[in-house]
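Remarks on the overall topology
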Amino acid sequence: MLDYSQMPDGLDEAVFTARTEAGNAALREAGFDAVLCLIDTSPDRAEAIVREHLREHAFGLAMIGGGVRMLPEHTLLFERLVNVLIETAPGMRLCFNTAPENMVEALKRWIQAGAVAL
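Just so you know, these numbers come straight off a predicted model, no measurement behind them.

Now for the packing of aromatic side chains. One pass over the full model with this rule turns up one aromatic pair. Their ring planes at 75° and their centres at 6.1 Å tell us that Phe78 and Phe96 sit as a pair that is edge-to-face. On the criterion of sequence distance, the pair formed by Phe78 in helix α4 (residues 75-88) and Phe96 in the loop between β2 (93-95) and α5 (103-112) is long-range, its members being 18 residues apart. Judged by its relative accessible area of 22%, Phe78 falls in the partly exposed class.

Below is the structure:
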């Protein structure tokens, strides 16, 4: 669960959820076959969830959202996610968005660069 008290003014769970859902819709509209992987804030549980997704699907590209990357209290969580992706899916590219509204652009940077075969 995110601590919304650390977020910019006006950003609460309802606003964040709506923005994220709109970003996910934009991914589908852009033709991405995105598989969402919602994780726990516990590094152990998050790692287990990601490992399960990686057993079920093959991915060329993964995005770790700002809710993990940008909050200092999630540094260990971010490290664990990056390391499990490197370990479990060598060659996978990582991309990062700055807001739910630019998920498509973040993915396209790597696809247009020819770095990922989807």
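Let us now look at the nonpolar core. Nonpolar side chains in soluble globular proteins tend to end up buried together. Of all hydrophobic cores here, the largest spans 13 residues; its most connected members are Val50, Leu54, Ile64, Leu81, Leu85 and Met92. For this core, the secondary structure elements donating two or more residues are α2 (43-56) and α4. In this structure Leu54 touches Phe59, Val84, Leu85, Thr88, Ala89 and Met92, once residues within four positions along its chain are discounted. Phe32, Leu61, Cys95 and Met103 belong to the second-largest nonpolar core, a separate cluster that totals eight residues.

The next point concerns the pattern of salt bridges. Summed over all chains, the structure comprises seven salt bridges. Residue Glu101 is joined to Arg19 by a salt bridge in which the shortest nitrogen-to-oxygen separation is 2.6 Å. Taken together, the positions of Glu101 in the loop between β2 and α5 and Arg19 in helix α1 (residues 13-29) put the pair 82 residues apart, joining distant regions of the chain. Linking Arg51 and Glu87 is a salt bridge whose minimum nitrogen-to-oxygen distance equals 3.1 Å. Of this pair, Arg51 sits in helix α2 while Glu87 sits in helix α4, and the two are 36 residues apart along the sequence. Residue Arg51 is classed as partly exposed on the basis of its relative accessible area, which comes to 23%. Residue Glu87 is classed as exposed on the basis of its relative accessible area of 52%. Shared partners join several salt bridges into a network, and the residues in it are Asp44, Glu47, Arg51, Arg80 and Glu87.

With that out of the way, let us pick up the packing of α2 against α4. Axis separation between α2 and α4 bottoms out at 10 Å; the angle between their running directions is 25°. Taken together, the axes of α2 and α4 lie roughly parallel to each other. Two packed elements cross with a definite hand, and for α2 against α4 that hand is right-handed. From α2, Pro43, Asp44, Ala46, Glu47, Val50, Arg51 and Leu54 reach across to α4, where they touch Leu76, Leu77, Arg80, Leu81, Val84, Leu85, Glu87 and Thr88. By residue class, the composition of the contact of α2 with α4 is nine nonpolar, one polar and five charged.

Reading the values: the criteria
Residues numbered from 1 in each chain as written. Predicted model: local features only at pLDDT ≥ 70, side-chain atom pairs only at ≥ 80, totals over all residues. Heavy atoms only, no water. Phe/Tyr/Trp six-rings, centres within 6.5 Å; stacked < 30°, edge-to-face > 60°. Helix = DSSP H or I, 4+ residues; strand = E, 2+ residues; numbered from the N terminus. Buried < 20%, exposed > 50% of the residue type's maximum accessible area, 1.4 Å probe, protein only. Core = buried A, V, L, I, M, F, W, Y, C linked by side-chain atoms within 4.5 Å. Contact = heavy atoms within 4.5 Å. Salt bridge = Lys/Arg side-chain N within 4 Å of Asp/Glu carboxyl O. Axes fitted to C-alpha atoms, helices over the stretch in contact; angles between N-to-C directions. Parallel < 35°, antiparallel > 145°, perpendicular 65-115°, else oblique. Left-handed = near helix turned anticlockwise from the far one by under 90°. Nonpolar A, V, L, I, M, F, W, Y, C, P; charged D, E, K, R; others polar.

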